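Observations on the three-dimensional arrangement
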Amino acid sequence: MPPLTRPLIAPSLLAADFARLKDEVIAVERAGADWLHLDVMDGHFVPNITFGPLLVKALRPHTKMPLDVHLMIAPADPYITAFAEAGADHISVHPEAGPHLHRTLQHIRALGKKSGVVLNPATPIESLVNVLDLTDLIMVMTVNPGFGGQAFLTSQIPKIAALRRLIDESGRNIVLQVDGGITAQTAPSVLQAGATCLIAGTAVFGAADYEAAITSIRAAVPAGLPELNTSTGG
Ligand code: DX5
Ligand code: ZN
């Protein structure tokens, strides 16, 4: 993928109308979304339950958008093959979800999928520095995982900036995602810190006009942001 000059926007299906999921996916793709973010929760790793690979498989034929699957389940390892076979393009895991993050990332890559590591607000950067060579995406949680519609945690902005430096110093093509509380108001601070992919649930699916919502988040790029802060994976 060539470098982008605009952030990737990944609407989170968690905030969609669950009685009309296919239509919601089609609507956000038409509205200009880049990726579809799918939050998988098990009621154990996080205090909420959503859906599994069957839903990923059911939606796969209805969109060309890459499916960005965020696993909030523990253990994650026994289910990774099922999500890959269901049509996930990216599979991201929390380091706390299993004892062998390195092996988990190897497994995701071996299935031909992009591998991601997700950092909870209290999880330090050190938990992924030794597996950067196996990481295609890094996701910084700016809320505690489990629910949409929570308030953005500004305390995570220095972590995003530190990860930006780490990625740039590594020379690797790693996407830096931010998940939780993203709106047109909070987006500038995370883009300034170096994020390249913004995940937004409520701010997109809670809006009357999805296209206007996506456009306003994407347009929240602070003036003077250097274009080199836009690695895209690939
Ligand atoms: C939270 C999920 C997020 C959530 C974001 O556990 O990982 O993807 O859907 O929702 P908003 O954008 O409403 O904070
Ligand atoms: Zn998520």
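Refer to the structure above for everything that follows.
The structure contained in this document is the topic of the report that follows.

The rules behind the values
- Residues numbered from 1 in each chain as written.
- Chains lettered and ligands numbered in written order.
- Predicted model: local features only at pLDDT ≥ 70, side-chain atom pairs only at ≥ 80, totals over all residues.
- Heavy atoms only, no water.
- Helix = DSSP H or I, 4+ residues; strand = E, 2+ residues; numbered from the N terminus.
- Rg over C-alpha atoms; globule rule 2.2 N^0.38 Å.
- Buried < 20%, exposed > 50% of the residue type's maximum accessible area, 1.4 Å probe, protein only.
- Contact = heavy atoms within 4.5 Å.
- Areas by Shrake-Rupley, 256 points an atom, 1.4 Å probe, with all protein chains shown as cover.
- Lys, Arg positive; Asp, Glu negative; His and termini not counted.
- Charge placed at Lys NZ, Arg CZ, Asp CG, Glu CD.
- Donors = N, O, S within 2.8 Å, 3.2 Å for Na, K, Ca; no water.
- Near = heavy atom within 4 Å.
- Polar contact = N/O pair within 3.5 Å; in protein donor to acceptor, adjacent residues only side chain to side chain.
- 1 Å grid on protein atoms, 1.4 Å probe; cavity = no way out; pocket = protein on both sides within 12 Å on 5 of 7 lines; lining within 4 Å.
- Sits in = over half its atoms within 2 Å of the grid points.
- Nonpolar A, V, L, I, M, F, W, Y, C, P; charged D, E, K, R; others polar.
- Phe/Tyr/Trp six-rings, centres within 6.5 Å; stacked < 30°, edge-to-face > 60°.
- Salt bridge = Lys/Arg side-chain N within 4 Å of Asp/Glu carboxyl O.
- Expected span 1.5 Å × (residues − 1).
- Arc of directions from axis to C-beta.
- Points joined across faces, edges and corners; volume = space filled by probe spheres on them.
- Core = buried A, V, L, I, M, F, W, Y, C linked by side-chain atoms within 4.5 Å.

**Regarding the overall build of the chain**
- Within the chain, the regular secondary structure consists of 8 helices and 8 strands.
- Radius of gyration (C-alpha) of the chain: 16 Å, near the 17 Å computed for a compact globule of 234 residues.
- Here the C-alpha coordinates of the chain stretch approximately 45 × 40 × 35 Å along the principal axes.
- Put simply, the chain has 234 residues, and 53% of those count as buried.
- Sequence separation of at least 24 residues holds for 68% of the intrachain contacts in the chain that already meet a minimum separation of 6.
- Counting every atom, the chain has about 9800 Å² of accessible surface; 55% of that belongs to carbon and sulfur.
- Looking at the chain, you have 16 positive and 21 negative side-chain charges, and the mean spots of the two groups are 5 Å apart.

**Details of the coordination of the zinc ion (ligand 2)**
- On the protein side, the zinc ion (ligand 2) has His37 (NE2), Asp39 (OD), His70 (ND1) and Asp179 (OD) as donor atoms, found 2.0 to 2.3 Å from it.
- Mapping the donors of the zinc ion (ligand 2) onto the primary sequence yields the spacing H-x1-D-x30-H-x108-D. Here Asp179 lies in strand S7 (residues 175-179) and Asp39 lies in strand S2 (residues 36-41), a separation of 140 residues in the sequence.
- The exposure class assigned to Asp39 is buried, which follows from its relative accessible area of 4%.

**Here we look at the site of ligand 1**
- Lining the immediate environment of ligand 1, one finds 20 residues, of which Gly146, Asp179, Gly181, Gly201 and Thr202 sit closest.
- For ligand 1, an oxygen atom lies 2.8 Å from a polar atom in the backbone of Gly181.
- Comparing atom positions with the cavity grids shows ligand 1 to sit within the largest pocket.
- When contributions to the shell around ligand 1 are tallied by element, the ones reaching two or more residues are S2, strand S3 (67-72) and strand S8 (197-200).
- When residues of the shell around ligand 1 are assigned to their parent elements, the largest contribution, 3 residues, is made by S2.
- For the shell around ligand 1, the per-class residue count stands at 8 nonpolar, 10 polar and 2 charged.

**Things to note about the packing of aromatic side chains**
- Evaluated as defined, the whole model comprises 2 aromatic pairs.
- Ring geometry for Phe18 and Phe51: centres 6.3 Å apart, planes at 45 degrees, overall tilted. Of this pair, Phe18 sits in the loop between strand S1 (8-11) and helix H1 (21-30) while Phe51 sits in the loop between S2 and helix H2 (53-59), and the two are 33 residues apart along the sequence.
- Note on Phe18: relative accessible area 39%, which makes it partly exposed.
- Pairing Phe205 with Tyr210 gives two aromatic rings, centres 5.4 Å apart and planes at 75 degrees, and the pair type is edge-to-face.
- Exposure remark for Tyr210: the relative accessible area of 15% places this residue in the buried category.

**Here we look at the pattern of salt bridges**
- Inspection of every chain in the model, using the stated rule, returns 7 salt bridges.
- A salt bridge links Arg20 to Glu24; the nearest nitrogen and oxygen atoms lie 3.7 Å apart.
- For Glu24, a relative accessible area of 3% corresponds to the buried category.
- One salt bridge connects Asp168 with Arg164, and the closest N-O pair in it is separated by 3.1 Å. One end of the pair, Asp168, and the other, Arg164, are both in helix H5 (residues 157-170), 4 residues apart, so they sit about a helical turn from each other.
- A network of salt bridges, in which partner residues are shared, links Arg6, Asp34 and Arg218.

**Side note on H5**
- When the terminal C-alpha atoms of H5 are compared, their 20 Å separation across 14 residues agrees well with the 20 Å that a helix rising 1.5 Å per residue should span.
- For H5, the full list of buried residues reads Lys159, Ile160, Leu163, Arg164 and Ile167. Burial along H5 is one-sided: seen end-on, the buried residues are contained in an arc of 145 degrees. Relative to its buried face, H5 has exposed residues pointing more than 90 degrees away, namely Pro158 and Glu169.

**Thoughts on empty space enclosed by the protein**
- The tally for this structure, following the rule as stated, stands at 1 cavity of 30 Å³ or more.
- In this model, the largest cavity occupies a volume close to 50 Å³.
- In this structure, the largest cavity is lined by Ala76, Asp77, Val93, His94, Pro95, Ala97, Gly98, His100, Leu101 and Thr104.
- Of the residues that constitute the lining of the largest cavity, the class distribution is 5 nonpolar, 4 polar and 1 charged.

**Quick notes on the nonpolar core**
- Core analysis: the largest hydrophobic core is formed by 63 residues, its most contacted members being Leu13, Leu71, Phe83, Ile182 and Leu198.
- When neighbours within four sequence positions are excluded, Ile182 is seen to be in contact with Phe152, Ala187, Val190, Leu198, Ile199, Ala200, Ala203 and Ile217.
- Counting residues in hydrophobic clusters, the runner-up holds 11 residues, among them Ala10, Val118, Val143 and Cys197.

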